[in-house]
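Listed below are the residues making up each chain.
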Amino acid sequence: MTLDISTVAKIASLARLKVSEEQLQLVAGELSSILQWVEQLNEVDVDGVEPLANVNDLPLRWREDIVNDGGRVEDILSNAPAKTADFFVVPKVVE
Amino acid sequence: MSKLTDLSVTEALTGLAKKDFSALELTRQHVEAAERARPLNAFITETFDLAIEQAKASDSRRAKGEAGAMDGIPIAIKDLYCTKGVRTTAASRILENFVPTYESTVTQKLFDAGAVMLGKVSLDEFAMGSSNTTSAFGNVINPWSGPDPANAERKLVPGGSSGGSAAAVAGRFAMAATGTDTGGSIRQPASLCGIVGIKPTYGRCSRWGIIAFASSLDQAGPIARSVADAALMLRTMSGFDPKDSTSVDAPVPDFTTAIGQSVKGMKIGVPREYRMEGMNGDVEALWEKGADMLKEAGAELVEISLPHTKYALPVYYIIAPAEASSNLARYDGVRFGLREHGNSLTEMYENTRGAGFGKEVCRRILIGTYVLSAGYYDAYYLRAQKVRRRLREDFEAAFKKCDVILTPVAPGTAFGFGEKQNDPIQMYLEDVFTVTLNLVGLPGIAVPVGLASNGLPVGLQLIGRSFDEMSLFKTASALEKSAAFTAKPPFVA
């Protein structure tokens, strides 16, 4: 699989990552060679094989649906790049 | 007084108990050593004042007879562990000014046991790398580079991603350190720096409060100068944590009791697929020598086959970036971390992430986004997860024939800066013998066994069954005893 520049630009936009025009060419080449390299996985017979996502095969634990944390506004906002009162501030979203 | 920085953790604890020296003296010597070692650039954030305070508190606990299992031992913490009130960067610009308001479970356990924190040590950005050259805070230099490492003719990498941890422990300016291992990030730097490092079974240590890279692969573990020290560290770091949904509720044995136990009758598997092209001849020779040592100690060598070995790296380079692209979506410039101005919300996200992430991190986010995108998910991600199961079947079959598996840690020794930089795949091959364990969740330990003809250390890896770290420590301690590796790096702080 070879990626062209417009595909890389689309991926970058999906990932919300600004990649400069001059970088796009380089990145397209690097990603293409990595994708070509991983294509060797097509040699493996995986018919009827279940995907493995959780190595310990344990079901995820459930907990009671009760509030067990909270009231930490100060902690939560302490690293915010911009805040006002008890809110995060972001650029205007709605005109 | 002799240099306290040369002691092992076990020796230091004996000395503290006998009142040969105080925790304050021990910590002061390490702080001074860390200051002398500044040219190695191992620390991102030094916390020497805090260390002195913690050491004083340790001395008063000991005086009251309340000393914990690691009381007064100065250690370094990889800067991927959130530490309350102490800046935690993941070696990334995007978290340059991030100060957690909470403590990771593992560091909390270490502090509860009395450990003293010298500072936060460097790593590859977000733990993505095998040479500690992607840190936004500069390269860490391997103390094996020469007596004056910063001015050495050929400066060597410490390995990665836990490069700062390994450099600090090998250079004798921390008694032990925490690391994290997603594809080899504890074992490979330990090997390249001539020390011990263990990645325990997935689920053994809590991941809570450790900045996530690839959640199904990430595990915490220690880096230390002896197998016994690693056992003590891991015992302290391990244990069930309800705050990590993948933490396993299993008893934690006292790993230190495995040290010195006989390996007589144990079956050691040697996988033929690990004899790969391009492997350093000295590494191969030391691997054979290590197998002979275990045989002489009474173990039986068994040839085994792990047929899907060559597919582990390609599987890893689909699964790890996929999980990373998802985990790193949280860095959006809104709640914490860097923010770069943009005229719209989207532009703010893009500018922030473009400016905050380094090249390797961007590369992996892009790969991850691509393999998870509509139309490609089945072909890449799902197929990789199926091959991942094939890899596990390999180990299930192998462990019917043996108790522990012996392999090299890395294909070569520490390399120079700039080498392997232009071709990402060359760099990825550093982890060819280590990534498989992360994919299948098994524990692995790196033990130094000798020097290659270039004078640089070589480590061997022992792989164990799930949650059987005891067998690993037993075998590792036998290997350590036979190898009698006492070589020190030319630079010692």
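What counts and what doesn't
Residues numbered from 1 in each chain as written. Chains lettered and ligands numbered in written order. Predicted model: local features only at pLDDT ≥ 70, side-chain atom pairs only at ≥ 80, totals over all residues. Helix = DSSP H or I, 4+ residues; strand = E, 2+ residues; numbered from the N terminus. Rg over C-alpha atoms; globule rule 2.2 N^0.38 Å. Buried ≥ 20, exposed ≤ 12 C-beta atoms within 10 Å, placed from the backbone. pLDDT = per-residue confidence, 0-100. Contact = placed C-beta atoms within 7 Å. Core = buried A, V, L, I, M, F, W, Y, C linked by C-beta atoms within 7 Å. Pairing = 2+ DSSP bridges. Axes fitted to C-alpha atoms, helices over the stretch in contact; angles between N-to-C directions.

A. Fine view of the overall build of chain A. Looking only at helices and strands, chain A has three helices and two strands in total. The order of helices and strands in chain A, counted from the N terminus, is α-α-α-β-β. Over its C-alpha atoms chain A spans a radius of gyration of 22 Å, topping by over 25% the 12 Å that the globule rule assigns to 95 residues. The C-alpha extent of chain A, read off along each of the three principal axes, is 55 × 45 × 25 Å. Counting every position in chain A, which comprises 95 residues, the buried fraction comes to 21%.

B. Representation of unusual backbone geometry in the model. Residues and elements named next belong to chain B. Here the amide bond leading from Gly160 into Ser161 is cis, since omega sits at 15°, within 30 degrees of zero. Among the structural elements, Ser161 can be located in the loop between strand 3 (116-121) and helix 5 (163-170). The phi angle at Phe467 is positive, at roughly 60°, despite the residue not being glycine. Secondary-structure assignment places Phe467 in the loop between strand 11 (457-464) and helix 15 (469-483).

C. Quick peek at the confidence of the model for chain B. Looking at chain B, the pLDDT average stands at 96 and 100% of residues meet or exceed 70. Scored by ipTM, the complex comes to 0.95, with pTM at 0.97.

D. Highlighting the interface of chain B and chain A. The interface of chain B with chain A comprises 52 residues on the first partner and 41 residues on the second. Mapped by element, the contributors of at least two residues to the side of chain B that touches chain A are helix 9 (312-327), helix 10 (345-356), helix 11 (359-372), helix 12 (378-398) and helix 13 (424-428) of chain B. In terms of residues, the side of chain B that touches chain A owes the most to one element, helix 12 of chain B, which gives 10 residues.

E. Spatial organisation of the nonpolar core. Counting residues in hydrophobic clusters, the biggest one holds 173 residues, and the most contacted among them are Ile75(B), Val315(B) and Leu366(B). Top element by residues in this core is helix 9 of chain B. It accounts for 10 residues. Among all residues touching Leu366(B), those that are not within four sequence positions of it are Val8(A), Ile11(A), Ala12(A), Ala15(A), Leu17(A), Val27(A) and Leu31(A).

F. Region of the structure containing the environment of Gly333(B). Note that Gly333(B) resides in the loop between helix 9 and helix 10. Separated by 18 residues in the primary sequence, Gly333(B) and Asn351(B) place their C-alpha atoms 9.2 Å from one another. Setting aside chain neighbours within four positions, we find Gly333(B) in contact with Pro81(A), Leu338(B), Arg339(B), Glu340(B), Met348(B), Tyr349(B) and Thr352(B).

G. Layout of the sheet that holds strand 7 (residues 267-271) of chain B. Residues and elements named next belong to chain B. With mixed pairing, 11 strands are arranged side by side in an open sheet as 1-3-2-4-6-5-10-11-9-7-8. For this open sheet the edge positions go to strand 1 (43-46) and strand 8 (300-304), each flanked by a neighbour on one side alone. With strand direction ignored, the average angle separating the axes of adjacent strands in the sheet is 30°. Two elements, strand 2 (residues 74-78) and strand 3, share five bridges in a ladder whose sense is parallel. Within strand 3, the position partnered with Lys78 by the bridge is Val121.

H. Fine view of the pairing of strand 6 (residues 219-224) of chain B. Residues and elements named next belong to chain B. Extensive coverage of strand 6 is indicated by the burial of six of its six residues. Because side chains alternate across strand 6, one face comprises the buried residues Gln219, Gly221 and Ile223, and the other comprises Ala220, Pro222 and Ala224, equally buried. For strand 4 (residues 176-181) and strand 6, the ladder comprises six bridges, and the chain directions are antiparallel. Among the inter-strand pairings, Thr178 is bridged to a residue of strand 6, identified as Pro222. Pairing of strand 5 (residues 196-199) with strand 6, which is carried by two bridges, proceeds in the antiparallel orientation. Within strand 6, the residue paired with Gly197 across the bridge is Ile223.

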